[in-house]
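Spelled out from the first residue to the last, the chains are:
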Amino acid sequence: MKEIQDLFQQTLNRDLIQMTLSSTMDPARAEKVKIRPVLIRGELVFQETLYRGSQVFHTNFGSEELAVRLTGYMGTLFKQAQVRNYALEATVLVSKKGKITIRRKQKSCVTEMDKPMPNLNHNRSKEYILREGEPVDFLVGLGVQTPDGRIAKARYDKFRQINRYLEFIEDILDQLPSDRSVRIIDFGCGKSYLTFAMYYYLHILQGRDIQVTGLDLKAEVIKNCNALAEQLGYSRLHFEQGDISSYQGADRVDMVVSLHACDTATDYALEKAVKWGADVILAVPCCQHELNGQIHCDTLKPILKYGVIKERMSALITDALRADLLEQQGYDTQILEFIDMEHTPKNLMIRAVKRKGMRPKAESIEKVTEFLQVNPVLKELL
């Protein structure tokens, strides 16, 4: 562990951008830990942010004390650490048998004048995985960033959405295979801002061996996405034209993504994910019209007579039933806020992770569907 402690001691200084410990071995203790430098009353310290369920704990340490503490975490609580500062990017991996692998990538020489002024405020604004002021090739290619790293004014909401999406992926990293290539399909990828972001994060930043396919109905969109992937040298990212319901291009998939697939297209994406036995499913449903045309309940008539209320209730019920059906198929499922409602009404994500070991009995949805007189497409497909 001395090599790990030396790395932490080397990078715990004011040039640290962020350090993240993940791939937890005990979620009840902590799901992940993030470290950043802060100035408190003129003294440089390092803030540990520990995530446990819905709780977040902040504690400040000196560099030497924290280096020892973080070294103790590795191999006993976390299997991975990601370190970023202005001169170095490093990944630490600890295998099940205790083997330590440290991958280092030196950055091109940065002078003191070239460095952005660090924000060491104790209560600073949110730290993103992709940072403003640091140009990223796909963000520049998609017009989200200018070549010098500034965020285009009309694309700032998209920049926030991309970073929020990467946080969701960061949370499920340890659920993906680490001993072979990871197969990922993005159904209904559209212009593929988030598909490119996923590839960049998993392959470029995390060094994972991945193969990503984006699928969409629009031929022009697919042509443009393939051209950009080729231009960027993203050799393991490919886009195909096709329909989700009839897609037959894979026998095994580890992760299925479906972002804003319209109406029942989401259901076909979820069905394929389940039948492939995908380890991770990320779905942001859109235009949930199906139940709005079916739902009928005398008890709820005083509420459902208002069209906009019926529409919103139908959408929420649709996604809740989808989540419950995934639970019945052996997934631990959450419904999470994807991005603030003020930026888009399509703001709920269904995140499902294939359950390991014993499977507790899932609740039946029969009473609910009978009460509302609905028959969801996903229920029939599964």
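Located above this text is the structure these notes cover.
What you see is a predicted model, and the numbers here were worked out from it, not measured in a lab. Numbering of residues starts from 1 in every chain and runs along the sequence as written. pLDDT decides what is reported in this predicted model: residues at 70 or higher carry local features, side-chain atom pairs at 80 or more are listed and counted, and totals for whole chains, interfaces and linings draw on all residues regardless. By convention in this description, side-chain values take in all heavy atoms of the structure and omit both hydrogens and water.

A. Region of interest: the environment of Ala197. Only DSSP runs of H or I with at least four residues qualify as helices, and only runs of E with at least two residues qualify as strands; both kinds are numbered from the N terminus onward. Relative to the assigned elements, Ala197 resides in helix α5 (residues 193-205). Classification of residues uses two cut-offs on accessible area relative to the type maximum, computed with a 1.4 Å probe and protein chains only: under 20% is buried, over 50% is exposed, and between them is partly exposed. By relative accessible area, which is 0% here, Ala197 ends up buried. Remark: the alpha-carbon pair of Ala197 and Leu291, spanning 94 residues in sequence, is separated by 33 Å. We call two residues in contact when some of their heavy atoms are within 4.5 Å. Excluding anything up to four places from it in sequence, Ala197 contacts Phe138, Ile162 and Leu166.

B. Looking closely at unusual backbone geometry. Positive phi is not limited to glycine here, since Ser192 has a value of about 75 degrees. Owing to a relative accessible area of 2%, Ser192 belongs among the buried residues under this scheme. The phi dihedral of Gln373 is positive, around 55 degrees, even though this residue is not glycine.

C. How the structure looks around empty space enclosed by the protein. In this analysis, the protein atoms alone were mapped onto a 1 Å grid. Cavities are point sets where a 1.4 Å probe fits without being able to get out; pockets are open sets with protein on both sides within 12 Å along at least five of seven lines; lining residues have an atom within 4 Å of a point. Grid points are joined across faces, edges and corners, and a volume is the space filled by probe spheres set on the points. One pass over the structure, following the stated rule, counts one cavity of 30 Å³ or more. Each pocket or cavity is described by its volume, and for the largest cavity that value is around 140 Å³. Looking at the largest cavity, the residues that line it are Gln18, Thr20, Ser22, Gln80, Gln82, Arg84, Ile129, Glu170, Leu173, Tyr201, Leu205 and Gln206.

D. Spotlight on the layout of surface pockets. A volume near 820 Å³ is recorded for the second largest pocket. Lining the second largest pocket are 27 residues, with Lys79, Leu176, Pro177, Ser178 and Asp179 sitting closest to its centre. Sorting the residues of the lining of the second largest pocket by element identifies β1 (16-24), β5 (78-85), β6 (88-94) and β7 (100-106) as the ones contributing at least two each. Broken down by element, the lining of the second largest pocket gets its largest block of residues, three residues, from β6. For this classification, the nonpolar set comprises Ala, Val, Leu, Ile, Met, Phe, Trp, Tyr, Cys and Pro, the charged set comprises Asp, Glu, Lys and Arg, and every other residue, Gly included, is treated as polar. Looking at the lining of the second largest pocket residue by residue, the classes come out as six nonpolar, 10 polar and 11 charged.

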